[in-house]
Amino acid sequence: MRELTPDTITDAVLDQMASTPDPRLREIMAAAVKHLHAFAREVNLTPAEWIKGIEFMTKVGQACTPVRQEFILLSDTLGLSALVNGLHDRTAIEEGTHTSLLGPFYREETPTLPAGSQIASHVKPGSECVLYGQVTDVQGKPLANATVSVWQTGADGLYDIQENPGTPDYRGVFSTDSDGRYLVRTVRPLGYSIPMDGPVGKMVKAQARHGMRPAHIHFLVGAPGYRELVTALYLRDDPHLADDVVFGSSDDLAVDIVRDDPDCPIKGLPSIRFDLRLPREGEADKTSGRVGSDPAAIMKEREAAVPS
């Protein structure tokens, strides 16, 4: 029998897992074990510290509900979501619009609305604005009937899923016209703090981080034969544009709200124009999905996996 020591335990675990039939699972788990063991050695992890870590991850799991995905929030605040998203971007066969994070507040149950509809149920005076542009391929060819899903915070800096999960608000699904154009009425988004009342928020506080996200509007854009685009537009004048707590903002997604834009389809309102370019679908897109999901969908999958 092999003597197990801090120097031999890693190889023993890898040897035992070497029989894993799925080659990709075998590769991922072997790398995870190597890095986790190396991490423990590097910091000389103590039993008490590891128990604290287990308690933290347990609380993260317990905080997850059909309307809250604390693990996605943890991944976002550690920069892991942005990293995985960036690695996925490298598999694109063409370069389209820069991507951003889906985030933990996406929901599949979103109303489909006609072009030009207002997505906000409450519009404060002076807050309304127009969001418009064109969806094309990377060569500039308009994509008709592309699906454009948008969502954002409300006037109080919260998402509908945080306040009233049963009533979708500040979100909608639109289709582009024959020239690939989309048109949305909305309100100026607000910068906001990530949820700080859970284990991830406590971690962020312990790290003396501000926990703020710059004001933004999420987009999920799709068309048959094209790579799904997950992105967001960030207001250029937001003070946290450069230090987004989830590392999702970027200069090329920064926009201004323009007053008296002569090209705005709805006159008299300030507007944001942003054109979206979709690359063609590649082989990687058929086997890999987006970074993030509707919290309710994740809970359904978990419940389906539990034997009755």
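Details of the structure are given in the entry above.
Bear in mind that the values here come from a model prediction, so they are computed numbers and not experimental data.

(A) Layout of the state of the cysteines. Going through the model one piece at a time under the given rule, you end up with zero disulfides. Take Cys 264: it sits in no disulfide, and the sulfur closest to it among the cysteines is that of Cys 129, at 9.3 Å. The buried category is assigned to Cys 264, whose relative accessible area is 1%.

(B) Inspection of the pairing of strand β8 (residues 229-235) at higher detail. In terms of burial, β8 is a largely internal element, seven of the seven residues being buried. Alternating positions in β8 separate into two faces, Leu 229, Thr 231, Leu 233 and Leu 235 on one and Val 230, Ala 232 and Tyr 234 on the other, with burial throughout. The sheet contact formed by strand β7 (residues 216-222) and β8 spans six bridges and is antiparallel. Opposite Val 221, over in β8, you have Leu 229 as the bridge partner. In textbook terms, the turn of a hairpin is the stretch between consecutive antiparallel strands, and for β7 and β8 this stretch comprises six residues, one of which, Gly 225, has a positive phi near 85 degrees. For β8 and strand β9 (residues 254-255), the ladder comprises two bridges, and the chain directions are parallel. Each bridged residue has a counterpart across the sheet, and for Tyr 234 the counterpart in β9 is Ala 254.

(C) Layout of the pairing of strand β4 (residues 181-187). Across the seven residues of β4, five count as buried, placing the element largely inside the fold. Taken together, the seven bridges between strand β1 (residues 128-137) and β4 define a ladder with antiparallel strand orientation. Following the sheet pairing, Gly 133 is matched in β4 by Tyr 182.

(D) Inspection of the packing of aromatic side chains at higher detail. Counting across every chain of the model gives four aromatic pairs. With centroids separated by 4.4 Å and ring planes inclined at 20 degrees, the aromatic side chains of Phe 105 and Tyr 159 adopt a geometry described as stacked. Placement of the pair is Phe 105 in the loop between α5 (80-89) and β1 and Tyr 159 in the loop between β2 (147-151) and α6 (160-163), with a sequence separation of 54 residues. This pair shows no difference in class: Phe 105 is buried, exactly as Tyr 159 is. Where Tyr 182 meets Phe 219, the ring centres are 5.9 Å apart and the plane angle is 75 degrees; that geometry is what we call edge-to-face. Of this pair, Tyr 182 sits in strand β4 while Phe 219 is found in strand β7, placing the two residues 37 residues apart along the sequence. Since its relative accessible area comes to 3%, Tyr 182 is described here as buried.

Cut-offs used in this document
Residues numbered from 1 in each chain as written. Predicted model: local features only at pLDDT ≥ 70, side-chain atom pairs only at ≥ 80, totals over all residues. Heavy atoms only, no water. Disulfide = S-S within 2.5 Å. Buried < 20%, exposed > 50% of the residue type's maximum accessible area, 1.4 Å probe, protein only. Helix = DSSP H or I, 4+ residues; strand = E, 2+ residues; numbered from the N terminus. Pairing = 2+ DSSP bridges. Phe/Tyr/Trp six-rings, centres within 6.5 Å; stacked < 30°, edge-to-face > 60°.

Distances and angles like these do not, on their own, reveal function.
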